[in-house]
Amino acid sequence: VQLQASGGGLVQAGGSLRLSCAASGSIFSISTMRWYRQALGNQRELVAAITSSGNTDYADSVKGRFTISRDNAKNTVNLQMNSLKPEDTAVYYCNADILTIARSWINHWGQGTQVTVSS
C-alpha cells in the first residue's frame, strides 16, 4: 500500500494551493482519510479529516479556509487551501485507514509535501 502526496510548493500569503494524495496497492476499501501537518519544531497536528461517507472535520485554525474532499472511486483525497498564511508553512502528510485485500486494517502515511507561505 502506498500514499503518494503532491501539490506542495511556495506561495505568497493570501494565495492558494491544492494538495492531492493518491492511495494505491492492495486496497479493498478506505475509511477515514486525513491531512496532517508538521511545522519545524512543532508536533504533527491534524488539519482535516473526511470519512468515506463525506463527513468532514477541520482544525479550528483552518476552518473556512481549507476544504478537504475525496474521490472514493479513485482512492484520492484533496486539500484545497485558500487564504494561506505564513503560519500554514509546514510539511503536509496524508494519512488513511485502509482495509487491505487481505482484510487487515492498517493506518498508513504518505511521504509528506512541503508547503511554504511567504509573507
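The structure under discussion appears in the preceding block.
These figures come from a predicted structure and were not determined experimentally.

(A) Highlighting the overall build of the protein. Secondary structure assignment for the protein yields 0 helices and 11 strands. For the protein, the sequential pattern of α-helices and β-strands runs β-β-β-β-β-β-β-β-β-β-β. On C-alpha atoms alone, the protein measures out to a radius of gyration of 14 Å, which is about the 14 Å that the 2.2 N^0.38 rule sets for 119 residues. Taken along its principal axes, the extent of the C-alpha atoms in the protein is 50 × 25 × 20 Å. Expressed as a percentage of its 119 residues, the buried residues of the protein come to 41%. Of the charged side chains in the protein, 10 are positive and 7 negative, and the gap between their average positions amounts to 6 Å.

(B) Looking closely at the nonpolar core. Within the largest apolar cluster, 30 residues are counted, with the highest numbers of intra-cluster contacts made by Trp-35, Val-47, Phe-66, Ile-68, Leu-79, Met-81 and Tyr-92. Within the residue set of this core, elements represented by two or more residues are strand S1 (2-6), strand S3 (17-24), strand S4 (27-38), strand S5 (45-50), strand S7 (66-71), strand S8 (76-81), strand S9 (90-100) and strand S11 (113-118). Broken down by element, the residue count for this core peaks at 5 residues, all from S9. Residue contacts for Val-47: discarding those within four places in its chain leaves Trp-35, Tyr-36, Arg-37, Asp-57, Tyr-58, Ala-59, Val-62, Phe-66, Leu-79 and Tyr-92.

Rules used throughout
- Residues numbered from 1 in each chain as written.
- Predicted model: local features only at pLDDT ≥ 70, side-chain atom pairs only at ≥ 80, totals over all residues.
- Heavy atoms only, no water.
- Helix = DSSP H or I, 4+ residues; strand = E, 2+ residues; numbered from the N terminus.
- Rg over C-alpha atoms; globule rule 2.2 N^0.38 Å.
- Buried < 20%, exposed > 50% of the residue type's maximum accessible area, 1.4 Å probe, protein only.
- Lys, Arg positive; Asp, Glu negative; His and termini not counted.
- Charge placed at Lys NZ, Arg CZ, Asp CG, Glu CD.
- Core = buried A, V, L, I, M, F, W, Y, C linked by side-chain atoms within 4.5 Å.
- Contact = heavy atoms within 4.5 Å.

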